[in-house]
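# Breakdown of the fold
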Amino acid sequence: MRVLSIDGGGIRGIVPATVLAALEQRTAKPANELFDLIAGTSTGGILALALTAPGPDGGPRWNATAILDLYREEGPKIFSRSLGRRITSIEGLIDERYPSENLRAVLQRYLGGATLEQALTPMLVTSYDLVARKPRFFKSWRDDDVGVPMALAAEATSAAPTYFEPVLVDGTPLVDGGVFAGNPAMCAYAEARRLRPDDEDVLLVSLGTGSLTRPITYDQAKDWGLLEWARPVIDVVLDGSSDAVDYQLDQLLADRHVRLQAALTDANDNMDDASAANLDALARTGRRLVEENAARLDALAAEIGR
């Protein structure tokens, strides 16, 4: 069974989209035909939905190259706020940073009226239920999710706390699945084994959105309290849990776990930096990741492109 998992990371979704575009070019096939299950969190969830959304001709509505254009064209609109918004939210301290209307409009325009059960490939995206206080998984094959608009699931999986307001789905407030699964690869693996318990050969391709490189020194952290730790602790928890998933899957799958991740040495790791300079830097990061892993991608394309 061939499984694709895509991390969360906001505008940094450019990085995995670049890798997927390279796989599509090598196989001459759309990404949805290369995998038996596609999973994603946050921006990875948006990618999973966009890659599996049906187009008018019965094929995929978007390929990875087209989705790269989406990030470049729509990213600055999604992560845009007026001076008034910046003042009234006190830069996100007492209200979400960005109006959800911008994100919602983009998702509805790109995903149209498609619903989850129409996904061309079995697809899983993560979210978190604030009332039940537990993960909420959207699954294209599950009866309970029949009729759920892809655009709504995309908004729910990417409603990052402090950035966007929670999303109501059937009256339940949901937020970004990155609060528990920034790297959803273990969720994807568990689902793959449940769907095909007799299939012992699972190939799991896990795509990152760039790993953090800014160190936190002892002198910086030793006197931090709640206020100083508020933002860094989120990055530490998410980055650490993502690396833990990598370790677990390496032990379980060995070389059948293909993790492609880039260090953000050039680009800003902020998920909402959609400046022209950072978009260019993220694109370079994605291309460098493809170049440095050309042999791995060639071998992968040869296997999954058959």
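By convention here, each chain's residues receive numbers from 1 onward along its written sequence. Only residues with pLDDT of at least 70 get local features here, since the model is predicted, and only at 80 or more are side-chain atom pairs given and counted; chain-wide, interface and lining totals rely on the full set of residues. The side-chain numbers reported here are obtained from all heavy atoms of the structure, hydrogens and water having been left aside.

### Some points on the overall build of the protein chain
Under the scheme used here, helices are H or I runs from DSSP no shorter than 4 residues and strands are E runs no shorter than 2 residues, and both carry numbers assigned from the N terminus. On a plain count of helices and strands, the protein chain comes out with 12 helices and 8 strands. Since a compact globule built from 306 residues should have a radius of gyration of about 19 Å, the 18 Å found for the protein chain is in line with a globular shape. Its C-alpha atoms give the protein chain principal-axis dimensions of roughly 55 × 45 × 35 Å. Expressed as a percentage of its 306 residues, the buried residues of the protein chain come to 53%. Contacts: residue pairs with any heavy atoms within 4.5 Å of one another. The contacts of the protein chain with a sequence gap of at least 6 include a subset with a gap of at least 24, amounting to 74%. Our radius of gyration is a C-alpha quantity, and the globule rule it is checked against amounts to 2.2 Å times the number of residues to the power 0.38. Buried means the residue's accessible area, taken with a 1.4 Å probe over protein chains only, is under 20% of the maximum for its type, while exposed means over 50%, and partly exposed covers the values in between.

### Description of the pairing of strand β8 (residues 257-260)
On β8, burial covers both faces: H257 and R259 on one face and V258 and L260 on the other are all buried. Criterion used throughout: strands pair if DSSP finds at least two bridges between them. Pairing analysis gives 4 bridges linking strand β7 (residues 203-207) to β8, with the strands arranged parallel. Paired with V205 across the two strands is V258, which belongs to β8.

### What to know about the side chain of T157
You can see T157 is positioned in helix α6 (residues 150-157). Polar contact criterion, stated in full: a pair of N or O atoms within 3.5 Å, where within protein one must be able to donate a hydrogen and the other to accept it, and residues adjacent in sequence count only if both atoms are side-chain atoms. For T157, the side chain forms a polar contact with the main-chain oxygen of T126, separated by 2.5 Å. When residues no more than four places from it in sequence are discounted, the contact partners of T157 are G40, T41, S42, G45, I46, V125, T126, S127, D176 and G177.

### Brief notes about the packing of helix α1 (residues 14-27) against helix α11 (residues 276-292)
Axis definition: a line fitted to C-alpha atoms, over the contacting stretch in the case of helices. Angles run 0 to 180 degrees between N-to-C directions. The interhelical angle for the contact between α1 and α11, taken along N-to-C directions, is 45°, at an axis separation of 8 Å. If you check the angle between α1 and α11, you find them oblique. Crossing of α1 against α11: the hand is right-handed. Of the residues in α11, those in contact with I14, V15, T18, V19, A22 and R26 of α1 are L279, L282, A283, T285, G286, R287, L289 and V290. Basically, the charged four are Asp, Glu, Lys and Arg, the nonpolar ten are Ala, Val, Leu, Ile, Met, Phe, Trp, Tyr, Cys and Pro, and anything else, Gly included, counts as polar. In terms of residue class, the contact of α1 with α11 is built from 9 nonpolar, 3 polar and 2 charged. Relative orientations are named as follows: roughly parallel for angles under 35 degrees, roughly antiparallel for angles over 145 degrees, roughly perpendicular for angles from 65 to 115 degrees, and oblique for any other angle. Whether a crossing is left-handed or right-handed is set by the direction in which the near helix is turned from the far one by less than a right angle, anticlockwise for left-handed and clockwise for right-handed.

### Some thoughts on the pattern of salt bridges
We define a salt bridge as a side-chain nitrogen of Lys or Arg found within 4 Å of a carboxyl oxygen belonging to Asp or Glu. Tallied over the entire structure, the rule returns 21 salt bridges. The residue R136 makes a salt bridge to D145 at a minimum N-O spacing of 3.1 Å. Across the pair, D145 and R136 agree in class, each one buried. Where salt bridges share partners, they join R2, D36, R196 and D199 into one cluster.

### Structural notes on the confidence of the model for the protein chain
Residues with a pLDDT of 70 or more make up 95% of the protein chain, whose mean pLDDT is 91. Below pLDDT 50 for its whole length, residues 82-95 participates in 14 contacts with residues either more than four positions away or in separate chains. Residue-level confidence of the predictor is what pLDDT reports, using numbers from 0 through 100.

### With respect to the nonpolar core
Grouped together as the largest cluster of nonpolar side chains are 73 residues, with contacts concentrated most on L23, L49 and F138. When residues of this core are assigned to their parent elements, the largest contribution, 8 residues, is made by α1. Beyond its immediate sequence surroundings of up to four residues, L23 is in contact with L34, F35, L297, L300, A301 and I304. With 14 residues, the next largest nonpolar core counts M1, L37, A185 and A192 among its residues. In these notes, a set of buried Ala, Val, Leu, Ile, Met, Phe, Trp, Tyr and Cys residues joined through side-chain atoms within 4.5 Å is what counts as a nonpolar core.

### Observations concerning the packing of aromatic side chains
One pair of aromatic rings is described through two measures. These are the centre distance and the angle between the planes. Stacked, tilted and edge-to-face are the three classes assigned to paired rings of Phe, Tyr and Trp, where Trp is represented by its six-membered ring and a pair needs centres within 6.5 Å; plane angles under 30 degrees give stacked, over 60 edge-to-face, the rest tilted. Enumeration according to the criterion identifies 8 aromatic pairs in this entry. Ring geometry for F137 versus F180: centroids 5.8 Å apart, planes at 90°, classification edge-to-face. With F137 in strand β4 (residues 134-139) and F180 in helix α7 (residues 178-181), this pair connects stretches of sequence that are 43 residues apart. With relative accessibility at 23%, the residue F137 sits in the partly exposed group. Owing to a relative accessible area of 27%, F180 belongs among the partly exposed residues under this scheme. One aromatic cluster in this structure is built from F79, Y98, Y163 and F164.

### Structural notes on the UniProt feature "active site" (unreviewed entry) in the protein chain
Under the UniProt annotation, the feature "active site" (unreviewed entry) is placed at S42 and D176. The greatest C-alpha distance among the residues just named is 5.9 Å, despite their covering 135 residues of sequence, which places them together in space. Turning to its location among the elements, S42 is positioned in the loop between β2 (37-40) and α2 (43-52). For S42, a relative accessible area of 5% puts it in the buried group. UniProt positions are given in the numbering used here, feature names are shortened, and annotations may be inferred rather than shown by experiment.

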